[in-house]
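So you can see what is in the structure, the chains are spelled out below.
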Amino acid sequence: QEEIEELSICKDAQIMIEKAEKDGVVTVWDRFKAQQPQCTFCKQGLSCRNCSMGPCRILPGKERSLGVCGANADTIVARNFGRGVAAGAAAHSDHGRDLLETLDAVANSDTQSYEIRDVEKLIRIANELGIKTEGKETLQIAKELADLLLEEFGIKKGNIGFTMRAPEVRRKLWDSLNINPRGIDREVVEMMHRTHMGVDQDPVSLLLHAARVSLSDGWGGSMIATELSDILFGTPKPVESKVNLGVLKKDEVNILVHGHSPIVSEAVLTAVRDKNNIEMAKAAGANGINLAGLCCTGNELLMRQGIPMAGNHLMTELAIATGAVELVIVDYQCIMPGLIPAMNCYHTKMITTSPKAKFPGAEHIEFNVRNARTQAQKLVEMAIELYKKRDKNRVLIPVEPVPMMSGFSNEAILQALGGSLAPLLDAIKSGKIRGVAGLVGCNNPRRKHDYCHVTLTKELIKNDILVLGTGCSAVAMGKAGLYMPEAASLAGPGLSSVCKALNIPPALHVGSCVDNSRILHLCGLVAKELGVDISDLPVAGSAPEWYSEKAISIGLYFVASGVYTVLGVTPNITGSKLVTDLALDGLTNVVGACFAVDTDPHKMAELMINHINKKRKKLNLPV
Ligand code: NFS
Ligand code: SF4
């Protein structure tokens, strides 16, 4: 029991880990244990298998200090890091491309499964990017916007359009460093090129390009994903919902959506809400159909539609272990292949939907822009059939759900502030809100599940720092009750007074991981309003329990945009002193921000608060 409490702070996780063990489900924690000790070369970034003269492992200072080709530790570490950033940026941006292709299909009347739900935002974004909209039909505007954004991925002269959302000083800095991103695909491809044997050997040059790749994600691919998701599915507005495994229902057909893109999950939602399907479920002996989310596609549905959230990254196997889930419908990213043996212990089925992500052992029912509605219908029928096979004696829904507020898009935040940024700026200037922190990223079995997310958030709000959360970090905060206005009682006097006046929580759910672009955009708006650079703002970022390559890209685009970022898990760069020193210090002289690493959330909070105070002093604001 004590051992289980070391793995997660969440009651639902603790209960389910025990049940999983009883039911013979192997979890991420079991496999993590089986992998110990993990390779110290890889951990330090000192192994390379980029070519077939290798693989090479470097022992710096010893006779094996160079790879077969002659590459040294600095080169190899920087190359490995760069490839990680490229993979993460590619994942976010390819997800963005899927939304773009959906918009394109809608614009060409090529689909009946999707529509444009936020015409006002379509026009606003089109205008922002220089498209004239007056007198044009909605679909014509959509077509022009889709064409323009498709260009951002490929060959293009100049820079990615949304980079104009950054203040001019920042853009000039990027230009002077030659890291203002060009086409999104181009930056990723160039990283793969540079890291091929015998191309870029200079760690500084590699890291600068890594920064450019990450910027093409944050201000490019991710931002496109966010803005187009809003246009297609609606811009989030404050909404109340529920979170944790308690959102599963004993007497209903339970369908979980897991993955990232709202394209599949929104189609499933439409089918779940269909009256005929609900009748069909009742005929099968259920009280209805219950849809809940996991990870980021869950965040997408929660933000826009108030669909409850079952859990974050480390909860996915445990959700299946409740024995109450009929169907897990996935698209791509962060879906552990370990879910397949887990679901085989129950009546549960996992369905893959993307041609990009097939899992042996799962059934593949492919979704595209044209067939999404009919495929979703098929899946709901399948879930209803599976409900009949559920073994009620093996069902355990461990806890009651916790209420949470979601839906804080920048548009919603502005509206809560009465239409302008002025009240937020005033609160920051007076010190009622001392600063803003972005808490993002995953869970990682290296860290006690959710402990860092929750402890760090509590420390920050206690110190009057407003917390914006995304991804799996946001789910952790929600489960801890921090996404309700009542949590203002845990905040310092200044932040708590602002929350009470606006009836908002001291930590705001701003979306999925691609929605970190909302935080970048907000930083850009505030910096422009104050006439300063983003690196001058009293803001900080953190990925306390990150695991994924996407999180590396996110961390780097925050830093390259001027936001000091504290990591709770050490990246695999410690094999190079040069790269490590640059990341933890030297970058400040280059982009005005750097990383810090600490595993103790109290120390992480201290680092962020000190940074925010330093920035306040520089802006002549009371500390
Ligand atoms: Ni982000 Fe979302 Fe979660 Fe991490 Fe994975 S779901 S895109 S990568 S694990 S926060
Ligand atoms: Fe070894 Fe160089 Fe090939 Fe890497 S690129 S595997 S260091 S020979």
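Calculation notes
- Each chain has its residues counted from 1, running along the sequence as written.
- Written order decides the labels, with chains lettered from A and ligands numbered from 1.
- Reporting in this predicted model follows two pLDDT cut-offs: at least 70 for local features of residues, and 80 or more for side-chain atom pairs to be given and counted; totals over whole chains, interfaces and linings ignore these cut-offs and use all residues.
- Water and hydrogen atoms play no part in the side-chain values, which are based on all heavy atoms of the structure.
- The numbering of helices and of strands both runs from the N terminus, where a helix is a DSSP run of H or I of at least 4 residues and a strand a run of E of at least 2.
- To get the radius of gyration, use the C-alpha atoms; to get the globule rule, take the number of residues to the power 0.38 and multiply by 2.2 Å.
- We call a residue buried when its accessible area falls under 20% of the maximum for its residue type, exposed when it is over 50%, and partly exposed in between, using a 1.4 Å probe and counting protein chains only.
- Contact criterion: two residues are considered in contact whenever any of their non-hydrogen atoms come within 4.5 Å of each other.
- Accessibility throughout is a Shrake-Rupley quantity obtained with a 1.4 Å probe, and a residue counts as covered only by protein chains that appear here.
- Charge assignment: positive for Lys and Arg, negative for Asp and Glu; neither His nor the chain ends contribute.
- Taken as the charge centre is NZ of Lys, CZ of Arg, CG of Asp or CD of Glu, depending on the residue.
- For Na, K and Ca the donor cut-off is 3.2 Å; for every other metal, N, O and S atoms count as donors within 2.8 Å. Water does not enter the count, which can leave sites looking incomplete.
- In these descriptions, tetrahedral denotes four donors with every angle between 85 and 135 degrees, square planar four donors and octahedral six donors with opposite donors over 155 degrees apart and the rest between 65 and 115, and irregular any other case.
- Definition of nearness: a residue and a molecule or strand are near each other if at least one heavy atom of the residue lies within 4 Å of the molecule or strand.
- All residues other than Ala, Val, Leu, Ile, Met, Phe, Trp, Tyr, Cys, Pro, Asp, Glu, Lys and Arg, Gly among them, are scored as polar; the first ten of these are nonpolar and the last four charged.
- Note on pairing: two strands pair once DSSP finds at least 2 bridges between them.
- Axis definition: a line fitted to C-alpha atoms, over the contacting stretch in the case of helices. Angles run 0 to 180 degrees between N-to-C directions.
- Two kinds of site are reported from a 1 Å grid over the protein atoms alone, namely cavities, where a 1.4 Å probe fits but cannot get out, and pockets, open sets with protein on both sides within 12 Å along at least five of seven lines, and residues are called lining when an atom falls within 4 Å of a point.
- Grid points are joined across faces, edges and corners, and a volume is the space filled by probe spheres set on the points.
- Boundaries of every domain are those given by an automatic assignment or by a domain database.
- Multiplying one less than the number of residues by 1.5 Å gives the expected span of a helix.
- Any angle that falls under 35 degrees is termed roughly parallel, while one over 145 is termed roughly antiparallel, one within 65 to 115 roughly perpendicular, and all others oblique.

(A) Summary view of the overall build of the protein chain. Along the protein chain, the regular secondary structure elements total 25 helices and 16 strands. The C-alpha radius of gyration computed for the protein chain amounts to 24 Å, which stays within 12% of the reference 25 Å derived for 623 residues, consistent with globular compactness. Taking the principal axes of the C-alpha coordinates as reference, the protein chain spans close to 65 × 65 × 50 Å. For the protein chain, buried positions account for 63% of its 623 residues. Counted over contacts in the protein chain with a minimum sequence separation of 6, partners at least 24 positions apart contribute 75%. For the protein chain, the computed accessible surface area is about 23300 Å², with 53% contributed by carbon and sulfur atoms. Across the protein chain, 68 positive and 69 negative side-chain charges occur, with their mean positions spaced 2 Å apart.

(B) The arrangement of the coordination of the nickel atom of ligand 1 in detail. A lone protein donor contacts the nickel atom of ligand 1, and this donor is C513 (SG), found at 2.2 Å. Each of the 4 donor atoms bound to the nickel atom of ligand 1 contributes to angles spanning 87 to 164°, and the resulting shape is irregular. Looking at the secondary structure, you find C513 in the loop between β13 (507–511) and α22 (516–530).

(C) Representation of the site of ligand 2 in the model. With respect to spatial proximity, 13 residues lie near ligand 2, and among them C48, C51, G54, C56 and C69 are the closest. Looking at the shell around ligand 2 residue by residue, the classes come out as 8 nonpolar, 3 polar and 2 charged.

(D) Just the sheet that holds strand β14 (residues 539–543), in detail. Strand order in this open sheet of 6 strands is β13-β12-β11-β14-β15-β16, and the pairing throughout is parallel. If you trace the sheet from one side to the other, it starts and ends with β13 and β16 (595–597), each paired once. Averaged over all pairs of adjacent strands, the angle between strand axes in this sheet comes to 25°, irrespective of strand direction. Judged from the 3 bridges that link them, strand β15 (residues 565–567) and β16 form a sheet pairing that is parallel. The residue of β16 that forms the bridge with T565 is F595. Packing of α22 onto the sheet brings it into contact with β11 (435–439), β12 (465–470) and β13, and relative to β12 it is tilted by some 145°.

(E) Quick look at empty space enclosed by the protein. Tallying each qualifying case throughout the model produces 8 cavities of 30 Å³ or more. There is about 140 Å³ of room inside the largest cavity. Put simply, the parts of the chain that give the lining of the largest cavity at least two residues each are α10 (203–233), α23 (549–560) and α24 (577–591). The element best represented in the lining of the largest cavity is α24, accounting for 6 residues. Residue composition of the lining of the largest cavity, by class: 15 nonpolar, no polar and no charged. There are two domains that each give the lining of the largest cavity at least three residues, and those are domain 1 (73–233) and domain 3 (405–618). Of the volumes computed, that of the second largest cavity is approximately 120 Å³.

(F) Geometry of the side chain of D230. Examined against the element boundaries, D230 turns out to sit in helix α10. Residue D230 is classed as buried on the basis of its relative accessible area, which comes to 0%. If sequence neighbours within four positions are ignored, D230 has contacts with D118, K121, T235, P236, R304 and R518.

(G) Broad picture of α22. Taking 1.5 Å per residue as the helical rise, α22 with its 15 residues ought to reach 21 Å, and the 21 Å between its terminal C-alpha atoms agrees with that figure. Among the 15 residues in α22, 11 count as buried, and that is most of the element. Among all positions of α22, only N516, S517, R518, I519, L520, H521, L522, C523, G524, V526 and A527 are buried. Positive phi shows up at G531, right after α22, with a value of about 70°.

(H) Highlighting the layout of surface pockets. Quantified by volume, the largest pocket comes out at close to 1300 Å³. At the level of secondary structure, the elements contributing two or more residues to the lining of the largest pocket comprise α3 (28–34), α4 (40–43), β1 (47–48), α5 (73–107) and α23. In terms of residue count, the dominant contributor to the lining of the largest pocket is α5 (5 residues). Split into classes, the residues belonging to the lining of the largest pocket amount to 16 nonpolar, 13 polar and 7 charged. Taken domain by domain, the makeup of the lining of the largest pocket includes at least three residues from each of domain 1 (73–233) and domain 3 (405–618). The volume enclosed by the second largest pocket comes to roughly 390 Å³. In this structure, the second largest pocket is lined by 22 residues; those nearest its centre are D98, I263, F367, N368 and V369. Only α5 and α11 (262–272) provide two or more residues apiece to the lining of the second largest pocket.

(I) Local environment of the packing of α5 against α23. In contact at an axis separation of 7 Å, α5 and α23 are set at 95° when each is read in the N-to-C sense. By the criterion of interaxial angle, the relationship of α5 to α23 is roughly perpendicular. Side by side, α5 and α23 meet where F81, G84, V85, A87, G88, A89, A91 and H92 of the first sit next to E549, K550, I552, S553, I554 and L556 of the second. Across the contact of α5 with α23, the residue classes break down as 8 nonpolar, 4 polar and 2 charged.

(J) Geometry of the site of ligand 1. Around ligand 1, a shell composed of H260, C295, C296, H313, C334, G441, C442, C472, C513, Y547, S548 and K550 is seen. Here the residues of the shell around ligand 1 sort into 7 nonpolar, 4 polar and 1 charged. Looking at which domains feed residues into the shell around ligand 1, each of domain 2 (239–394) and domain 3 (405–618) gives three or more.

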